[in-house]
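Secondary and tertiary structure notes
Below, each chain spelled out in residue letters.
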Amino acid sequence: MGRKITIEPVTRVEGHGKVTIQLDPQNNVTDSRLHIVEFRGFERFVQGRPYWEAPVLVQRLCGICPVSHHLAAAKALDVIVGVGPDGLTPTGEKMRRLMHYGQTFQSHALHFFHLVSPDLLFGIDSDPATRNVIGVAMKHPDLAVQGVMMRKFGQEIIRATAGKKIHGTGAIPGGINKNLSIEERDEFLKGADPLNIDKMIAWSQGALDFFKDFHSKNSDMLDNFAAFPSNHLSLVRKDGSLDLYHGVLRAVDSEGKKILDDVDYQDYLQYIGEEVKDWSYMKFPYMKSLGKRDGWYTVGPLARLNTCDFIDTPLAQKEFEAYKAYTNGKPSNASMHMHWARLIETLHAAEKMKDLLNDPDLQGDDRVVKGTKTNEGVGLLEAPRGTLFHHYRINDNDQIEMANLIVSTTNNNEPMNRAVNFVAKQQINGQSEVTEGMLNAVEVAIRAYDPCLSCATHALGKMPLELSLVDVDGNVIDQIRK
Amino acid sequence: MKHYQKILIYGYGNPGRQDDGLGPMVAASIEKRADEFPDVEWDSNYQLNIEDAMNIRDYDAVIFADASLDCHEPFELYRLQPAKEITFTTHAMSAESVLALGQDIYGENPECYMLAIRGYEWEMGYEKLSDRAAANLDMALDFLVSLLTDDSPNAFADAIEASKVIKI
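What you are looking at is a predicted structure, and each value in this text was computed from that prediction instead of being measured.

**What to know about helix H1 (residues 22-32) of chain B**
Turning to H1 of chain B, its buried residues are Leu22, Gly23, Pro24, Val26, Ala27 and Ile30 of chain B. Contacts from the buried residues of H1 of chain B go to strand S1 (7-12), strand S2 (40-45), strand S3 (61-68), strand S5 (111-118) and helix H4 (131-148) of chain B.

This is the structure in structure tokens:
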């Protein structure tokens with residue numbers, strides 16, 4: 001009898017991921033699908049609202065990366081208020097960049113220390129009771145403390161730049177509404193050990209060294225687990241540097257051949273389409289030049305290091321060169337290298353924050369630029385999880401009449417599905433018993449992409465994920481809640 | 001003499017999802033009445049996460065406030081104990097897990113309580129409590145203010161028992 005393995009959420013307002021793996025009677029994987037519920041309703045919700053509300057409204061989307069939505073919306077509205085993507089004052093752009101690098105730093109640190117390090121330290125198939133951040137705290141307390149402190153440092157950067165932790169208001173159309181005081185700056189630059197930027201850089205380097213050491217001992221697993229050819233897409237700076245806040249679109253294929261280059265993201269609709277499939281709530285973006293079948297792409301840290309030519313901070317550039325030497329200058333298509341890339345970006349974000357904190361423009365008072373209003377604008381940035389698109393059109397009453405958002409997790413829909421299929425076949429095919437370790441391997445593949453399955457509702461009593469083993473008749477053979 | 005010298009009221013949830021905003025609204029209400037509670041501080045966030053194991057260390061006691069799907073109506077106060085309840089991909093932690101992490105890293109935690117307030121509606125984009133949740137919030141705030149102004153040594157223990165029998 002064939003069987004179907006399902007990992008699904010308990011309700012629609014908590015975890016929105018569900019994995020279905022279809023098995024034949026011999027336990028061979030015949031099909032697999034990752035379903036993630038996406039809230040297209042939000043785009044309708046903002047319709048009719050005054051456009052200047054969007055940077056605050058969109059933070060309702062996600063309690064994990066509200067800053068990314070806040071800034072992407074503000075960038076789109078910069079265009080609508082006639083300032084354009086390159087027209088902010090130095091104070092305006094640099095404050096936003098500090099907010100963004102703070103967000104990236106804390107998000108990447110959280111992902112590595114909270115979600116990834118347990119798998120590396122204890123092994124994918126180890127006891128789930130210890131394979132978590134609390135297990136890390138018991139066995140490797142120094143590592144756990146670093147994770148807590150790095151996350152807190154990034155959160156404090158966000159508080160100082162966005163104004164508050166919930167529904168921040170730092171970015172407004174055409175600029176920002178606060179600068180950074182000398183006192184705030186000095187707290188980050190010279191704060192009591194360990195909460196200062198030099199310690200953050202040192203710990204970022206330490207986490208990267210930890211990963212590289214692990215990689216040197218486990219290269220076969222990290223190089224081959226969920227490794228499959230993919231296109232890669234991201235913003236890069238005009239000169240080819242890694243840039244998480246602003247730039248032009250570039251895409252390369254699995255061998256590094258450029259598919260898109262120097263594309264103004266205001267024109268993204270000429271290049272990017274979104275396919276709807278009847279079995280998924282989430283769309284499947286693709287590059288129109290390659291079509292729906294071959295035009296899918298990966299976004300996020302790995303894609304960014306695959307598309308950029310260099311990194312403009314010295315320590316991260318050194319690590320980038322070592323990484324590129326390992327991949328022979330080619331793009332990496334190994335899902336687990338996402339962790340490597342993410343830690344290089346963590347180091348880069350720390351270096352960028354230090355550069356910005358030492359820049360007197362952050363204390364400037366010229367915060368907002370005004371221009372001649374238009375009725376449409378697109379804002380893109382590289383969120384921690386990948387390229388984030390915000391597109392708005394307004395009417396003559398300054399109300400939003402159209403909004404289109406393509407979030408990072410949507411961009412990664414197809415590669416995550418392929419990763420699930422790859423690992424499911426590798427781990428489960430032909431095995432007489434499906435173990436928790438095998439199922440966790442599937443989750444490890446998904447987790448490499450750091451998908452955002454949360455919609456920021458978490459009320460007490462909810463369980464985020466439910467894992468069920470079901471036969472073809474729908475009978476639940478086993479069930480695990482996580 | 002008060003039972004705790006320094007208390008943190010920590011409300012969490014997403015105000016953009018109807019009743020999920022109950023926790024931050026508790027913190028906001030205390031902030032508005034800050035002059036009445038010189039020993040009480042407040043904070044709020046969308047979700048709890050690992051840094052909160054550090055953030056709570058500066059206090060003698062912490063009262064987390066959160067919306068609940070199934071607690072006693074209209075609200076319930078209970079003592080929190082460390083517990084490893086790790087969620088896997090949602091990037092959020094339960095209050096109990098925050099305490100477990102704090103215990104492992106720092107060896108101890110302040111005394112922590114949960115003020116769970118019953119919510120009913122969770123739709124995205126509605127920055128307004130349901131009528132029933134709003135009524136529960138009013139009662140919970142009256143209860144909390146009473147607790148914070150109670151100097152008796154058994155104030156918290158008595159409040160826990162009282163919260164079990166209060167009815168709408």
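On we go.
**Regarding the sheet that holds strand S13 (residues 386-394) of chain A**
All names here are of chain A. Across the sheet, which stays open at both edges, the three strands sit in the order S12-S13-S14 with antiparallel pairing between neighbours. Strands at the two margins of the open sheet, each flanked by one partner only, are strand S12 (376-383) and strand S14 (400-406). Across the sheet, the mean angle from the axis of one strand to that of its neighbour is 15 degrees, orientation sign disregarded. In terms of strand pairing, S12 meets S13 through eight bridges, oriented antiparallel. In the strand pairing of S13, Glu376 is matched with Arg393. On the sheet, helix H3 (residues 66-80) packs against S12 and S13 and is oriented at approximately 150 degrees with respect to S12.

**Some words on the pattern of salt bridges**
Residue and element names in this part refer to chain A. One pass over the full model with this rule turns up 40 salt bridges over all chains. Close ionic contact of Glu53 with Arg49 constitutes a salt bridge, the shortest N to O distance being 3.0 Å. Residue Glu53 is classed as partly exposed on the basis of its relative accessible area of 27%. For Arg49, a relative accessible area of 28% gives the class partly exposed. Arg97 is the partner of Asp243 in a salt bridge, and the nearest nitrogen-oxygen pair spans 3.0 Å. Of this pair, Asp243 sits in the loop between strand S6 (231-236) and strand S7 (248-252) while Arg97 sits in helix H4 (residues 90-122), and the two are 146 residues apart along the sequence. Of the two residues examined, Asp243 and Arg97, each falls in the buried class.

**Brief notes about the environment of Lys94 of chain A**
Residues and elements named next belong to chain A. Mapping Lys94 onto the fold places it in helix H4. Given the relative accessible area of 22%, Lys94 is considered partly exposed. Here the alpha-carbon distance between Lys94 and Leu356, two residues 262 residues apart in the chain, equals 6.9 Å. Filtering out sequence-adjacent residues up to four positions away, Lys94 remains in contact with Leu356, Asp359, Asp361 and Leu362.

**Examining the packing of H4 of chain A against helix H6 (residues 141-162) of chain A**
Residue and element names in this part refer to chain A. With their axes 8 Å apart at the nearest point, H4 and H6 run at an angle of 160 degrees to one another. Classified by the angle their axes make, H4 and H6 are roughly antiparallel. H6 is crossed by H4, and the crossing has left-handed handedness. Every residue of H6 that contacts H4 at Met95, Leu98, Met99, Gly102, Gln103, Phe105, Gln106, Ala109, Leu110, Phe113 and Leu121 is listed here: Leu143, Gln146, Gly147, Met150, Arg151, Phe153, Gly154, Gln155, Ile157, Ile158, Thr161 and Ala162.

**A word on unusual backbone geometry**
In this model, Asp193 of chain A is joined to Pro194 of chain A through a cis peptide bond whose omega is 5 degrees. A cis geometry characterises the amide bond from Glu73 of chain B onward to Pro74 of chain B, with omega recorded as 5 degrees. Look at Ala226 of chain A: it is not a glycine, yet its phi comes out positive at around 55 degrees. In this structure Ala226 of chain A comes out as buried when scored by relative accessible area, which is 0%.

**Describing the environment of Pro85 of chain A**
Residue and element names in this part refer to chain A. Among the secondary structure elements, Pro85 is positioned in the loop between H3 and H4. Residue classification places Pro85 among the partly exposed residues on the basis of a relative accessible area of 26%. Discounting residues that sit within four places of it in the chain, Pro85 has contacts with Val79, His246 and Tyr265.

**Some remarks on the nonpolar core**
Core analysis: the biggest nonpolar cluster contains 110 residues, and Phe225 and Leu305 of chain A together with Phe64 and Leu101 of chain B have the highest contact counts within it. Take this core: its biggest share by element is eleven residues, from helix H13 (residues 337-357) of chain A. Counting only domains with at least three residues in this core, you end up with domain 1 (3-40 + 416-481) and domain 2 (49-165 + 178-411) of chain A. Discounting chain neighbours no more than four positions away, the residues touching Leu305 of chain A are Leu242, Ile311, Phe320, Tyr323, Lys324, Ala341 and Ile344 of chain A. In this structure, Ala61, Ala65, Ala140 and Leu144 of chain B belong to the second largest nonpolar core, which totals 33 residues.

**Overview of the side chain of His108 of chain A**
Turning to its location among the elements, His108 of chain A is positioned in helix H4. Side-chain polar atoms of His108 of chain A contact the side chain of Glu345 of chain A, separated by 2.9 Å.

**So, the packing of aromatic side chains**
All names here are of chain A. Inspection of every chain in the model, using the stated rule, returns 17 aromatic pairs over all chains. Considering the side-chain rings of Phe105 and Phe153, the 6.3 Å spacing of their centres and the 75 degrees angle between planes classify their relative orientation as edge-to-face. Here Phe105 is found in helix H4, whereas its partner Phe153 is found in helix H6, with 48 residues between them in sequence. By the burial criterion, Phe105 is buried, and Phe153 matches it.

**A closer look at the domain arrangement of chain A**
Residue and element names in this part refer to chain A. Each domain of chain A was delimited in the assignment, giving domain 1 (3-40 + 416-481) and domain 2 (49-165 + 178-411). Taken residue by residue, the interface counts 30 residues in domain 1 and 38 residues in domain 2. Note on domain 1 versus domain 2: buried area summed over both sides is about 2,900 Å², and carbon and sulfur give 59% of it. Linking domain 1 with domain 2 are two salt bridges, by the criterion used here. Ionic pairing is found between Asp119 and Arg447, a salt bridge with its closest N-O pair at 2.3 Å. Applying the counting rule to domain 1 against domain 2 returns six residue pairs in polar contact (both at pLDDT 80 or more). Breaking the side of domain 1 that touches domain 2 down by element, the ones donating at least two residues are strand S3 (29-36), helix H15 (413-428) and helix H16 (436-447). Here the side of domain 1 that touches domain 2 gets eight residues from one element, more than from any other, and that element is H15. Partitioned by chemical class, the residues of the side of domain 1 that touches domain 2 number 16 nonpolar, seven polar and seven charged.

Definitions and limits used
- Residues numbered from 1 in each chain as written.
- Chains lettered and ligands numbered in written order.
- Predicted model: local features only at pLDDT ≥ 70, side-chain atom pairs only at ≥ 80, totals over all residues.
- Heavy atoms only, no water.
- Buried < 20%, exposed > 50% of the residue type's maximum accessible area, 1.4 Å probe, protein only.
- Helix = DSSP H or I, 4+ residues; strand = E, 2+ residues; numbered from the N terminus.
- Contact = heavy atoms within 4.5 Å.
- Pairing = 2+ DSSP bridges.
- Axes fitted to C-alpha atoms, helices over the stretch in contact; angles between N-to-C directions.
- Salt bridge = Lys/Arg side-chain N within 4 Å of Asp/Glu carboxyl O.
- Parallel < 35°, antiparallel > 145°, perpendicular 65-115°, else oblique.
- Left-handed = near helix turned anticlockwise from the far one by under 90°.
- Core = buried A, V, L, I, M, F, W, Y, C linked by side-chain atoms within 4.5 Å.
- Domains from an automatic or database assignment.
- Polar contact = N/O pair within 3.5 Å; in protein donor to acceptor, adjacent residues only side chain to side chain.
- Phe/Tyr/Trp six-rings, centres within 6.5 Å; stacked < 30°, edge-to-face > 60°.
- Buried area = accessible area lost by both parts, 1.4 Å probe.
- Nonpolar A, V, L, I, M, F, W, Y, C, P; charged D, E, K, R; others polar.

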